[in-house]
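# Residue-level structural notes
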Amino acid sequence: MKAAVSFPFPFITLPDPAVSGEGALDPLGLATTSDALANWLVPHMTARMSRPRFLTAMAVAASVCQGLDDKIARDGVTPAYLVFEWLLVEGFARAAAREDVVRTPGIEKGRLAVAKKIPLSSATYLKTPSVFGFHGVYRRLGVAAGIVDDELRLAENGYRLLKVWEQEQGLDGFSDAFEVNTGLRGLLRSAVKAGIADGYVIRAGTWQGWKFFAEHLTPARPGRNEAIFLRELILDPRGETRGEIYRLLEAWSTDQRSDEEEPAMARRLLEKASEELALRLRTIFAFEEFCQALETAFDLLRHLSTRNGAHALSRAAFSADPDVRRIADMFPGRFAKADRMLQAAPTKAMAGFDGLARYFRHVKSAADLYDAMLERHGHVQKAKPPEGKREWFEHGQDGSVFVRPPYRLDDRPKLGESWNRPYRLYAVQSFCDDLKIGS
């Protein structure tokens, strides 16, 4: 039975993290190549993944929403699986211990909705739930692992995972074909159907479903057999080097894995990597060494312009800086190494680097680097959707530049060894930690 409606219409959108309207991310267009290399290294996973039990939640959602696949909520945009997602997130917010639901997509939206006593809906949940909700985050792996299909319907491994999960949770019969409208599954399905009809989800605080989510699906508490099954899916040979990385990280002690940056993790993986994994890791190192030089030079351009105050920075002034000259000297070698290593990478990574090569292949001096960076940056900003973004610099007629206030850089950058792009090693490590708890 529904609780009385006691909230105003229309719903007020809860705040999302700020999104820049100026295209402040990836000013040199390096992400296309790094994303392709990350997918080559750890297929079907993304950097946002961290809690493998959301694969089980996807299977449960697909079972509950069976036959509702073509239904869209009253709001005109929300499919059945997202209505289930609203329920699960609210259940975690209401009934689960905070430590058990860390890194749950949308959990702060759920907590805020509960605190304000407003229902979750398309207006009060994530702005782009199909990307940032748990279905959006884990969908790629769920499909590749055979848990769900492209339409998020239950697939063969999803049925198998459900059977392991329900037996271990004392929920035998949950997924039976003839029990879709009875028991706990029927309870959840009824709530989903109501959410579709209303365009929001609202259940009393005593509703049994909240306890179900907290007791049976919190990401930090997979059962032992469930964890074993999920681990087998991660180790599937069709995931190529993903399984090898998982095994190597799994063998490290907790102390070895704590507070270690991805470059350091990658170097230690190289010590025991197969020939194929070593090739992929070395290709990423070569690309990132090129990126480190390029990004440091770009940041030096910002810093030198900032330090120049109200005066524009000339090409000659940039080229005279000793750190700029050192980077310019090493730049051709780093570019050539990355170009050579990427010949073995997937087509998408090669194509992305070819786009960079168009600007940087002929850089031989600091002055060349100045011109190439500004040309590349201008092209990248102009191409950003929907209608292009402003460059970070204003240009003088003599070729000098003035960094715009949002992009000033007071601290002088130094050439380091860190990576500014994720390669999913943290995601695999987090999977290891979660599934080890369940084993």
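Please refer to the structure placed before this passage.
Calculation notes
- Residues numbered from 1 in each chain as written.
- Predicted model: local features only at pLDDT ≥ 70, side-chain atom pairs only at ≥ 80, totals over all residues.
- Heavy atoms only, no water.
- Helix = DSSP H or I, 4+ residues; strand = E, 2+ residues; numbered from the N terminus.
- Expected span 1.5 Å × (residues − 1).
- Buried < 20%, exposed > 50% of the residue type's maximum accessible area, 1.4 Å probe, protein only.
- Arc of directions from axis to C-beta.
- Contact = heavy atoms within 4.5 Å.
- Polar contact = N/O pair within 3.5 Å; in protein donor to acceptor, adjacent residues only side chain to side chain.

### Some points on helix α7 (residues 156-168)
Compared with the 18 Å implied by 1.5 Å per residue over 13 residues, the 19 Å span of α7 between its first and last C-alpha is a close match. Along α7, the residues that are buried comprise N157, G158, L161, L162, W165 and E166. Here the buried residues of α7 occupy an arc of 160° about the axis, which is enough to place them on one side. α7 presents E156 and Q167 as exposed residues on the side facing more than 90 degrees away from its buried surface. Those residues of α7 hidden inside the fold are in contact with α2 (53-64), α9 (208-216) and α10 (224-234). Directly after α7, the chain includes G170, whose backbone phi takes a positive value near 70°.

### A word on the side chain of R421
If you trace the backbone, R421 turns up in the loop between β4 (401-403) and α19 (425-438). A polar atom in the side chain of R421 sits 2.9 Å from the side chain of E288. A distance of 2.9 Å separates the side chain of R421 from the side chain of E295, its partner in a polar contact. Dropping the residues within four chain positions of it, R421 is found in contact with L30, S34, E262, F287, E288, C291 and E295.

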